[in-house]
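Notes for the structure review
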Amino acid sequence: MSENHYLPEGALIGTAENREALSSPASLERAMQQGKILEGVATLCDGALNLIVDLGCMKGIMYKNEVSYTAEGETQKDIAIISRVGKAVAFRVLAIRQDEKGNPFAILSRRAAQIECLNRYLLTLVSGDIIPAKITHLEHFGAFVDIGCGIPSLLSIDCISVSRISHPRDRFYVGMTIKAVVKSIDPESSRIYVTHKELLGTWEENVACFKIGQTVMGIVRSIEDYGVFIELAPNLAGLAEYRSDIAVGQTVAVYIKNIIPERMKIKLVIIDSCKGVD
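Heads up: these notes are all about the structure in this document. Source: prediction; values computed, not measured.

Reading the values: rules and limits
- Residues numbered from 1 in each chain as written.
- Predicted model: local features only at pLDDT ≥ 70, side-chain atom pairs only at ≥ 80, totals over all residues.
- Heavy atoms only, no water.
- Pairing = 2+ DSSP bridges.
- Helix = DSSP H or I, 4+ residues; strand = E, 2+ residues; numbered from the N terminus.
- Axes fitted to C-alpha atoms, helices over the stretch in contact; angles between N-to-C directions.
- Buried < 20%, exposed > 50% of the residue type's maximum accessible area, 1.4 Å probe, protein only.
- Arc of directions from axis to C-beta.
- Contact = heavy atoms within 4.5 Å.
- Core = buried A, V, L, I, M, F, W, Y, C linked by side-chain atoms within 4.5 Å.
- Phe/Tyr/Trp six-rings, centres within 6.5 Å; stacked < 30°, edge-to-face > 60°.
- Patch = residues over 30% accessible without salt bridge, like charges linked within 9 Å, V, L, I, M, F, W, Y side chains within 5 Å.
- Areas by Shrake-Rupley, 256 points an atom, 1.4 Å probe, with all protein chains shown as cover.
- Salt bridge = Lys/Arg side-chain N within 4 Å of Asp/Glu carboxyl O.
- Lys, Arg positive; Asp, Glu negative; His and termini not counted.
- Charge placed at Lys NZ, Arg CZ, Asp CG, Glu CD.
- Polar contact = N/O pair within 3.5 Å; in protein donor to acceptor, adjacent residues only side chain to side chain.

So, about the sheet that holds strand β6 (residues 130–139). If you walk across this open sheet you meet the five strands as β8-β7-β6-β9-β10, and the pairing is antiparallel. Two strands lie at the open edges of the sheet, namely β8 (152–156) and β10 (191–195), each paired on one side alone. The sheet shows a mean angle of 55° between the axes of neighbouring strands, taken without regard to direction. In this structure, strand β9 (residues 177–186) lies alongside β10, joined through five bridges in antiparallel fashion. Its bridge partner being in β10, Asp186 is matched across the sheet by Arg191.

As structure tokens, this is what we get:
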């Protein structure tokens, strides 16, 4: 696959090319003529839900209907616009005009940048492709990620790791850059579905780092009536007998009692627990 120029928002803003394009009205006009995708920080959302973007050399205005691409039948939520304030936004320059005082200002479109990102990059991907993604929001059911120019995708909790976790924050934090694997693409809705657990190694690869008889550290990920699931590695968990004195998220020392490769199971014994919780 050729070099990816359609990165999650925030990746371009500090680059020399982006700084040069915003350095003067003349360089911004050249970038407009060349159709370049640039980035700036949204500094204000006005009462009409238009974004004001700091371009350095002039002010940029991104009208409400140009803030985000939405598939047919979908509507843009106001919070999706308001939440851009203080953050980098990708855009293409549509026009450069002058206000009543003769000061230049640029009309910007994040929507145009996203449509280009979809057509020239995301919709050309195939299942199994590995792409950069940026964590933008965490919910109990998964992590929302930016997969290019602010285009969102949901990384569901069951696709984050093989070993069970109680919440995506057990793995990620907002603003974190990760790698994701393209799971599937729906051309009709322009939705790209991604996963992450395949990048963490197979059960066999993870278990090769451990041996029967070792005492190692693990993290309690789930407590059930029949036992406690303890994570030894992101894609590897074992089962210990139930104990009432531990909590989910707690770090524990465990003895590896048995490894059963044919059943992909590890039997553990909890030796000690730390008072702190991750």
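Take helix α2 (residues 25–34) next. Of the residues making up α2, those classed as buried are Ser27, Leu28, Ala31 and Met32. Taken end-on, α2 shows its buried residues confined to a sector of 145°, consistent with a single buried face. Of the exposed residues in α2, those oriented more than 90 degrees away from the buried face are Gln33 and Gln34. Its buried side turned inward, α2 meets α1 (16–21), β1 (38–45), β4 (88–98) and β5 (104–109). Immediately downstream of α2, the backbone of Gly35 shows phi near 70°, a positive value.

Turning our eyes to something else, we now look at the nonpolar core. Soluble globular proteins tend to pack their nonpolar side chains together in the buried interior. If you look at the biggest cluster of nonpolar residues, it comprises 30 residues, and the most contacted ones within it are Leu122, Ile131, Ile135, Ile147, Phe172 and Val194. Among the secondary structure elements, those contributing two or more residues to this core are α4 (110–120), β6, β7 (142–146), β9 and β10. The leading source of residues in this core is β6, at four residues. Ignoring sequence-local partners within four residues, the contact set of Ile131 consists of Tyr121, Leu125, Ile147, Ile178, Lys179, Ala180, Val182 and Val194. Ala31, Met32, Ala42 and Val67 belong to the second-largest nonpolar core, a separate cluster that totals 20 residues.

What follows covers the sheet that holds strand β3 (residues 59–62). Here five strands make up a closed barrel; going around it, the order is β1-β2-β3-β5-β4 and the pairing mixed. Neighbour-to-neighbour, the strand axes of this sheet turn through a mean angle of 50°, independent of strand direction. Note: β3 against β5, three bridges, orientation parallel. Each residue of the ladder has a partner; that of Ile61, found in β5, is Ile107. Sheet strands touched by α2: β1, β4 and β5. Its angle to β4, the strand with the most contacts, is close to 105°. Its contacts with the sheet place α4 against β3, β4 and β5, and it is angled at close to 125° to β4.

Among the secondary structure elements, His167 is positioned in the loop between β8 and β9. Apart from the residues within four sequence positions on either side, His167 is in contact with Leu138, Glu139, His140 and Ile157.

The subject of this paragraph is the environment of Ile271. Relative to the assigned elements, Ile271 resides in strand β15 (residues 265–277). When the C-alpha atoms of Ile271 and Ile223 are compared, they prove to be 16 Å apart, with 48 residues separating the residues in sequence. Excluding residues within four positions of it along the chain, Ile271 makes contact with Thr215, Ala253, Val254 and Tyr255.

Looking now at the packing of aromatic side chains. Applying the stated rule across the entire model yields three aromatic pairs. Here Tyr6 and Tyr121 contribute two aromatic rings whose centre-to-centre distance is 6.1 Å and whose plane-to-plane angle is 20°, an arrangement assigned as stacked. With Tyr6 in the segment before α1 and Tyr121 in the loop between α4 and β6, this pair connects stretches of sequence that are 115 residues apart. The pair formed by Tyr6 and Tyr121 is uniform in burial state, with each residue classed as buried.

The subject of this paragraph is a positive patch on the surface. Together, Lys257, Arg263, Lys265 and Lys267 line one region of the surface with positive charge. One can find Lys267 in strand β15.

Turning to α4, a few remarks are in order. What α4 keeps buried is the set Arg110, Ala113, Gln114, Glu116, Cys117 and Leu118. Buried residues in α4 make contact with β3, β4, β5 and β10. Residue Ser109 occupies the N-cap position of α4, its side-chain oxygen lying 3.4 Å from the main-chain nitrogen of Arg111.

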